[in-house]
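Summary of structural features
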Amino acid sequence: MSAGTPPMSGPPKPQAKALNCPKCGAVIVLRSFGQAETVVCGSCRSILDAKDPNLAVLQQFEAATREVQPLIALGTRGKLRGTDYEVIGFQRRSTNVDGITYYWHEYVLFNPYKGIRYLSEYHGHWNDISICKTLPTAEIGGVTTVNYLGETYKHFQSADANTDFVLGEFPWQVRVGEHAAVTDFVHPPRVLSSEKLDQEVTWSIGEYMYGREVWDAFKLPGAPPEPMGVYENQPSPVTTNVTGIWVAFAAFAVFLLALMAGFDMRAKKEPILHGTYQFNRAESKGESSFVTDGFELTGHPSTLEVKTYAPVRNHWIYLNYALINQDTGQAWDFGREVSYYSGYDSDGSWTEGKQNDAVVVPSVPPGHYYLRIEPEADPSLPGIPYTVDVTHDVPVFGIYGIAFLALLVPAVLISFRAYTFERSRWSESDHPPMDFSNISTTSGDDE
Amino acid sequence: MTKPVANCPNCGAKIVFRWWSSVQTVCDFCKSILVRTDVDLKKVGQVADLPPNSSPIQINTEGKYGNKAFVVVGRILYEYDQGGWNEWHVMMNDGTSAWLSDAQSEYALSLFSKAQNLPAVAQVQVGQQFSWSNERYTVSVITPAHYRGVEGELPFQYWDKTEVTFVDLRTESGKFATLDYSDPEPALYLGEFVEFDDLKLKNLRRFEGW
């Protein structure tokens, strides 16, 4: 900067230090250039004072019956959020809930410029954690929610965390057997944790990571452990905003209704034929069929509705219809049954069938037509009157029903998926979803 | 701005003050602690070698804070029972002085505040709140520390100081304050946490293998 300044000789470049354990003589590598407070001998499990040039023994612990192997070896480097980090420490922690001990693992990550970060792992669920620089605020009214950087975190659980296995370097005075009161607040994919040790409270913020991302970041061989269950801040697989889906659904439903109303208004609904007939078994020896008067359909190819009414009661009548185009000879055959039954049994009264029937023949081109009708009926009946109404150009609503369902089904499925995911998330919390207030906000409400 | 130039009363080396109101500096050659008087420089002590330190910052590191450029001109190394931290004395390009603290790579930048009626050290407790410059600060930690070493230019004389109590305060918006009780009259520094990347630091130390 200034020419007159003598050149700075500067201290030598710091490098990772290799020392020997004062207890067992094993080599101990100090990777954090003096940022560590304690370092653990990998072979004799002595916790050493990393600030002491002689590495004074601070504590010695018995390794658990089963040795705990970190999934990412100490000294491994990886890239997290664009920064290289080296794994310098590892600890296993446990908590006891209703007589069951749960274990999780924490990795201390180091970069000489960016400092310390942590990775935690619980049954295949990972979190990228850093210490909060900003104080979270408890919302007025209690400890169930906490605000951090403008977002609301919900209390998930409070637990007593025990440190029961340590390896490598730690930027604090770590001891095996130490207990901290840990409280987690979640806002998936983030988790805000307060850790109270003695009188000091440390807040940290974690973001969920998939095992695959960790494996990629540290270029680890093989596959990460499969995640078990749903983790407290695991993002819901339902990435879309569930409320938004229903808003969209409502908008579509309104649109469909408008479309229906529009087509209904445009439809001519032109009465073509109205006939009342009587089916008499006595008269219809042999051939019972007959043809109606002819009628003309005009305009563009459109729908033709054939309605049948018969005042049957515990009887049936069956009508074989044929719509025949006089000009081309083209015929549309269709059979319709009108039947109505009612009765009374142990469950009460019942009915089945209807006295009305309607059928729509689609896309009937213009031309001259008539209907051929061949009735059949319950042989026990002497005669049945029936009415046939033919209407041209009626609106068809079935397609709207299908469209409506096509939209409703995914919306329901997505909501159900989101609901069950949130339910399994919160079932692991201090607030299992007995009432559903906890899951009122499904995930993704601000993604 | 012309830089005050003088010679070390101990070894005669040229001493260049990079900041016009520096009160104390350290001779780069003989490590004498020099205090500026009205007429000349007076040697008041000798710095011991600083312990190995992991800060990536060093004297002459340059950076940016907002739209102001700064250069690191001095440093105080403090120690407490849980470790140590650096207060880097930085000179802004508008001539003001500020402090860039580096506590295990957690960086904060703060400026001296002229606020009056500061609380006495005995009155302060963790969790207590104070308001300065329309911000509400909460006491997060009270740290008894001691001076471990010094480098470069400082805006005050520190050389005969040993023990000091610091009170750290935080806000809910990432702001931060320190009450410094090294003098009979407490001093207040107000600042905020800063991201390493945002400081756009140049001329950093190199670490073997990184």
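Please read these numbers as outputs of a predicted model, since none were measured by experiment. (Residues numbered from 1 in each chain as written. Chains lettered and ligands numbered in written order. Predicted model: local features only at pLDDT ≥ 70, side-chain atom pairs only at ≥ 80, totals over all residues.)

In terms of regular secondary structure, chain A is built from three helices and 26 strands. Classification of the 447 residues of chain A by burial places 26% in the buried group. (Helix = DSSP H or I, 4+ residues; strand = E, 2+ residues; numbered from the N terminus. Buried ≥ 20, exposed ≤ 12 C-beta atoms within 10 Å, placed from the backbone.)

Turning our attention to the environment of Pro237(A). Residue and element names in this part refer to chain A. Mapped onto the elements, Pro237 comes out in the loop between helix H1 (211-218) and helix H2 (242-266). A count of 12 C-beta atoms within 10 Å places Pro237 in the exposed class. Among all residues touching Pro237, those that are not within four sequence positions of it are Arg417 and Phe421. (Contact = placed C-beta atoms within 7 Å.)

A few words now on the domain arrangement of chain A. Domain annotation for chain A reports domain 1 (17-218), domain 2 (242-261 + 400-439) and domain 3 (268-394). Once you take the C-alpha centre of each, domain 2 of chain A and domain 3 of chain A turn out to be 42 Å apart. (Domains from an automatic or database assignment.)

The subject of this paragraph is the interface of chain B and chain A. Each side of the interface is counted separately: chain B has 35 residues, and chain A has 27 residues. Here the residues of the side of chain B that touches chain A are counted per class, giving 13 nonpolar, 13 polar and nine charged. (Nonpolar A, V, L, I, M, F, W, Y, C, P; charged D, E, K, R; others polar.)

Next up on the list: the sheet that holds strand S5 (residues 41-46) of chain B. Working definition: the strands of a sheet are paired by backbone hydrogen bonds and lie parallel or antiparallel to each other. All names here are of chain B. The three strands are arranged S3-S4-S5 in an open sheet whose pairing can be described as antiparallel. Looking at which strands have only one partner, the edges of the open sheet turn out to be strand S3 (24-26) and S5. For this sheet, the mean inter-axis angle between neighbouring strands, taken without regard to orientation, is 30°. Two elements, strand S4 (residues 32-36) and S5, share five bridges in a ladder whose sense is antiparallel. Looking across to S5, one finds that Ser32 is bridged to Gln46. (Pairing = 2+ DSSP bridges. Axes fitted to C-alpha atoms, helices over the stretch in contact; angles between N-to-C directions.)

The next point concerns helix H3 (residues 398-427) of chain A. Here H3(A) is 30 residues long and its end C-alpha atoms lie 42 Å apart, about the 44 Å a rise of 1.5 Å per residue gives. Looking at the packing, one finds that the buried side of H3(A) touches H2 of chain A. (Expected span 1.5 Å × (residues − 1).)

Residues and elements named next belong to chain B. On domain assignment, one finds that chain B holds domain 1 (5-46) and domain 2 (62-199). Contacts between the two partners involve 14 residues from domain 1, matched on the other side by 15 residues from domain 2. Within the residue set of the side of domain 1 that touches domain 2, elements represented by two or more residues are S3, S4 and S5. By residue number, the principal contributor to the side of domain 1 that touches domain 2 is S3, which donates three residues. Of the residues that constitute the side of domain 1 that touches domain 2, the class distribution is eight nonpolar, five polar and one charged.

In this section: unusual backbone geometry. Residue and element names in this part refer to chain A. With an omega of 5°, the peptide bond running from Pro188 to Pro189 counts as cis. Within the element layout of this structure, Pro189 appears in the loop between strand S14 (179-187) and strand S15 (190-197). Located in the positive-phi region is Ser363, a residue other than glycine, with phi close to 45°. Following the sequence through the fold, Ser363 ends up in strand S24 (residues 356-364). On the neighbour-count criterion, Ser363 (9 C-beta atoms within 10 Å) is exposed.

One finds Val39(A), Leu48(A), Tyr107(A), Val108(A), Leu109(A) and Val166(A) to be the most contacted residues of the largest nonpolar core, which totals 43 residues. In terms of residue count, strand S13 (residues 151-170) of chain A provides more of this core than any other element does, six residues in total. Those residues in contact with Val108(A) that sit more than four places away from it in its chain are Ile88(A), Gly89(A), Ile116(A), Tyr118(A), Gly168(A), Glu169(A) and Phe170(A). Of all hydrophobic cores here, the second largest spans 38 residues; its members include Val73(B), Leu100(B), Tyr107(B) and Leu109(B). (Core = buried A, V, L, I, M, F, W, Y, C linked by C-beta atoms within 7 Å.)

Turning next to the sheet that holds S24(A). All names here are of chain A. What the four strands build is an open sheet, ordered S17-S26-S20-S24; its pairing is antiparallel. The open sheet has two edge strands with one neighbour each: strand S17 (270-280) and S24. Here the average twist between neighbouring strands, direction ignored, is 15°. Here strand S20 (residues 302-309) pairs with strand S26 (residues 383-392) via six bridges, running antiparallel. Residue Val306 lies in a different strand from S26, and its bridge partner there is Val390.

Further remarks concern the confidence of the model for chain A. Residues and elements named next belong to chain A. Per-residue confidence for chain A averages 85 on the pLDDT scale, and 90% of its residues sit at or above 70. Within chain A, H1 carries the highest mean pLDDT (96), whereas strand S11 (residues 137-138) carries the lowest (78). Note on residues 1-9: pLDDT under 50 across the span, and 15 contacts to partners over four residues away in sequence or across chains. Confidence drops under a pLDDT of 50 for residues 436-447, and excluding neighbours within four residues, the segment shows 27 contacts in the predicted structure. (pLDDT = per-residue confidence, 0-100.)

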